[in-house]
Amino acid sequence: MKRKTFLSLLLAAVMFLTLAPITALAAGTTNVWVDNTLLTDGENSVGDGTATLNKEAGTLTLENIQASKFVQVLTDDTFTVVVKGNVSIGSEAARTSGTALYSTAAALKIQIEQGAELSLYTENGNNVYVYDGSLTISGPGTLTADAIEGDSGAFPSLVATKDITLNGDLVAELVSEWHGAFSEKGNIVVDSADLTVYADSIGLFAQTYDEGADAEIPSSITLKDSHVTITSYYGEAVVFCGTGGLVVENSVLDLTADKDSEWGGYGLYSEGDIVIRGENTEIDSDDAFGIEAGDILYIEGGQVRVASTDTALLGWNGVVITGGTIDATSEIGSVIIGRDGPVSITGAGTSVTATAKGDDAAIRNANDGGIFLAAPVTAVNTQGGKPFLGVNADKSVAITLGEGYDLFGAEVYTDATGAQSQSYFIPAGGSADEPLTSAVLCKHVWNSPEWTWTEDYSEATATFVCKTDPSHTVTVTAAVTEQTTAATCGKDGSTVYTASAELDGTNYGSQKTVVIPATGAHKYEDGKCTVCGAADPEYKPEDPVVDPGNSDNPDTGDYRSFALWSILTLLAGAALTGAALVVGRQNTR
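Residues numbered from 1 in each chain as written. Predicted model: local features only at pLDDT ≥ 70, side-chain atom pairs only at ≥ 80, totals over all residues. Heavy atoms only, no water.

### Observations concerning the overall build of the chain
Each helix and strand in the chain was counted, giving two helices and 59 strands. Taking all 589 residues of the chain together, 47% fall into the buried category. Considering only contacts in the chain between residues 6 or more positions apart, those separated by 24 or more positions represent 59%. In the form shown here, the chain has an accessible surface area of approximately 28000 Å², with 48% of it arising from carbon and sulfur atoms. (Helix = DSSP H or I, 4+ residues; strand = E, 2+ residues; numbered from the N terminus. Buried < 20%, exposed > 50% of the residue type's maximum accessible area, 1.4 Å probe, protein only. Contact = heavy atoms within 4.5 Å. Areas by Shrake-Rupley, 256 points an atom, 1.4 Å probe, with all protein chains shown as cover.)

### Here's the deal with the pattern of salt bridges
Counted by the stated rule, this structure contains eight salt bridges. In this structure, lysine 185 and aspartate 210 form a salt bridge, with 3.8 Å as the shortest nitrogen-oxygen distance. Of the two residues, lysine 185 is situated in the loop between strand 20 (181–183) and strand 21 (188–191) and aspartate 210 in strand 24 (residues 209–210); the sequence distance between them amounts to 25 residues. Residue class for lysine 185 comes out exposed when judged on its relative accessible area of 53%. The class for aspartate 210 is buried, based on a relative accessible area of 19%. (Salt bridge = Lys/Arg side-chain N within 4 Å of Asp/Glu carboxyl O.)

### Considering the pairing of strand 32 (residues 274–277)
Alignment of strand 29 (residues 245–249) against strand 32, held across four bridges, turns out to be parallel. In the strand pairing of strand 32, glutamate 249 is matched with arginine 277. Where strand 32 lies against strand 35 (residues 297–299), three bridges are found, and the strand directions are parallel. In the sheet register, valine 275 faces strand 35, and the bridge partner there is tyrosine 298. (Pairing = 2+ DSSP bridges.)

### Description of unusual backbone geometry
Omega for the peptide link from glycine 139 to proline 140 comes to 20°, which places this bond in the cis form. Looking at the element boundaries, proline 140 is found in the loop between strand 15 (134–138) and strand 16 (142–148). Of note in the backbone geometry, aspartate 504 takes a positive phi value of approximately 50° without being a glycine. Here aspartate 504 lies in the loop between strand 56 (493–503) and strand 57 (506–516).

### A few points about the side chain of serine 510
Take serine 510: it is sitting in strand 57. The residues contacting serine 510, other than those within four sequence positions of it, are Trp451, Trp453, Tyr497, Thr498 and Ala499.

### Remarks on the environment of glutamate 279
Structurally, glutamate 279 is set in the loop between strand 32 and strand 33 (282–287). Here the alpha-carbon distance between glutamate 279 and asparagine 250, two residues 29 residues apart in the chain, equals 6.4 Å. For glutamate 279, the residues in contact, after removing those within four places along its chain, are Asn250 and Gly302.

### Some thoughts on the packing of aromatic side chains
Inspection of the entire model under this criterion finds 14 aromatic pairs. Relative to phenylalanine 205, the ring of phenylalanine 182 lies with its centre 5.2 Å away and its plane at 45°, an arrangement referred to as tilted. Pair noted here: phenylalanine 182 is in strand 20 and phenylalanine 205 is in strand 23 (residues 204–206), with a separation of 23 residues, a long-range link. With relative accessibility at 2%, the residue phenylalanine 182 sits in the buried group. Between tyrosine 457 and tyrosine 497, the ring centres sit 5.8 Å apart and the planes meet at 35°, which makes this aromatic pair tilted. Of this pair, tyrosine 457 sits in the loop between strand 52 (450–453) and strand 53 (460–465) while tyrosine 497 sits in strand 56, and the two are 40 residues apart along the sequence. According to the relative accessible area criterion, tyrosine 457 is partly exposed, its value standing at 27%. Residue classification places tyrosine 497 among the buried residues on the basis of a relative accessible area of 12%. Members of the aromatic cluster, each reached through a chain of ring pairs, are Phe182, Phe205, Phe240, Tyr266, Tyr269 and Phe289. (Phe/Tyr/Trp six-rings, centres within 6.5 Å; stacked < 30°, edge-to-face > 60°.)

### Regarding the pairing of strand 53
Where burial is concerned, the two faces of strand 53 differ: the one with Ala460, Ala462 and Phe464 is buried and the one with Thr461, Thr463 and Val465 is not. Two strands pair when backbone bridges link them, and strand 52 and strand 53 are joined in this way by four bridges, in the antiparallel orientation. Across the sheet, threonine 452 pairs through a bridge with threonine 461, a residue of strand 53. Strand direction decides the pairing type here: strand 53 and strand 54 (residues 473–477), joined by five bridges, are antiparallel. Bridging across to strand 54, threonine 461 finds its partner in threonine 477.

Structural measurements only, silent on function.
Structure (structure tokens):
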């Protein structure tokens, strides 16, 4: 349930009881204590290390300091603590009694250099507390902050009245028997850091309510470009903030909450919006109540995996998913809920899988706004409940699909008999009394169809297979037309069968051609077929008979034969005459 007042903490009064005596300061005065030693300007020897104070610059450099009680920075100005080497306040075997590092600075900045380590071990107090100011801890060094409960109770590890920032490639581990990091009236930012938190209560907590002023605090939490691992053993949430909202951007989150909690156990909780974005974002949350936004839950990218006892993803004024890969399960409740607003799942790169193991619909909106689906979504209810349940106050259809999207083999049924309409999926052509228990929404991209013809080509079907999900197939009966070109005596004919099928407004076609052999039945006249012009292979033309005396004989106009025979006759006569003369001469001799 959404809470106007989530936790009311009176930390400041308790913390002051655990601190060493503090002398009131005149304005502009800076005093720095290490254990019971008041530091002077310049280099101070502390054990085997040094503490170099520059009051004018507002800096303290701690190098290889091992303090046993506390470090206090008392000033009204911005102040920077630089950590070199190994610096510790208390130890795991001998913890400080009370807060380890306390400051009244308007802004306390702790810079842990490369290779350096700051270790803080406390009992009955905070590891770091900045009263009425902000706290920034930067890397690239390492912070270990471990606070355990004592006679005075449990205390958060890091506390600031205003903002808390962890950044600069800091590597930090916070251990607390209460909260990990707690901002009383400000925001929390983790940017470019590697943070691990083990907390009995909330891991990162930006207070949401000012009891003294009886007013909400618009606190926010931002997790950016970071790796964050948080275990909350008994707390109401792993990460919690006010109406300022919670942003996760290009960060890896591994969140573990109390799965059996009856009043908490959220992975991420904000009184305002929650925005999850960035292709490098990965969230794994094992919890009781998942990710809940007091306003709208936005998921714009990344990978989100949530395993919850109850609802996994909830937005009081709606859930809007436009990108990313979401895989969420709920053991007893709905997986995704838009309470007073819609559930909208869109985006070409979006993929959502929601598995409900209880009676409630896997994805639903509770009061108004309906469900809009335009992305690949798989919703399953393993106990026989509905995969989707949309509700509209105006009794209109409460589940709508984007262009080109389809719930394969199903249709939307709307019951408008009550105060609100309720829409859910039933098998296509089925009964409202038999709603589906699983549904896979797909934007079909069809492969080219496979055609099947009857033996005589009088009928045909086209079978389409979806590229997105090959288990989705559609078979369409085609309209078949035919056109015949008759065979002739010398040329083949044909019958062309044309099949036409339509799917999702696109026409597809296929053709089959049957050859009709030429008949071979020529009609010859004068050596040629009068139909196709083919030559008659048996045709022999007759030679004409010429009668010179018959004027009826036709004159062919060919005079070459007569001239040839005349020449041959003359040559033969000349040869005979020559032969006679030769014989005569021989006889006269």
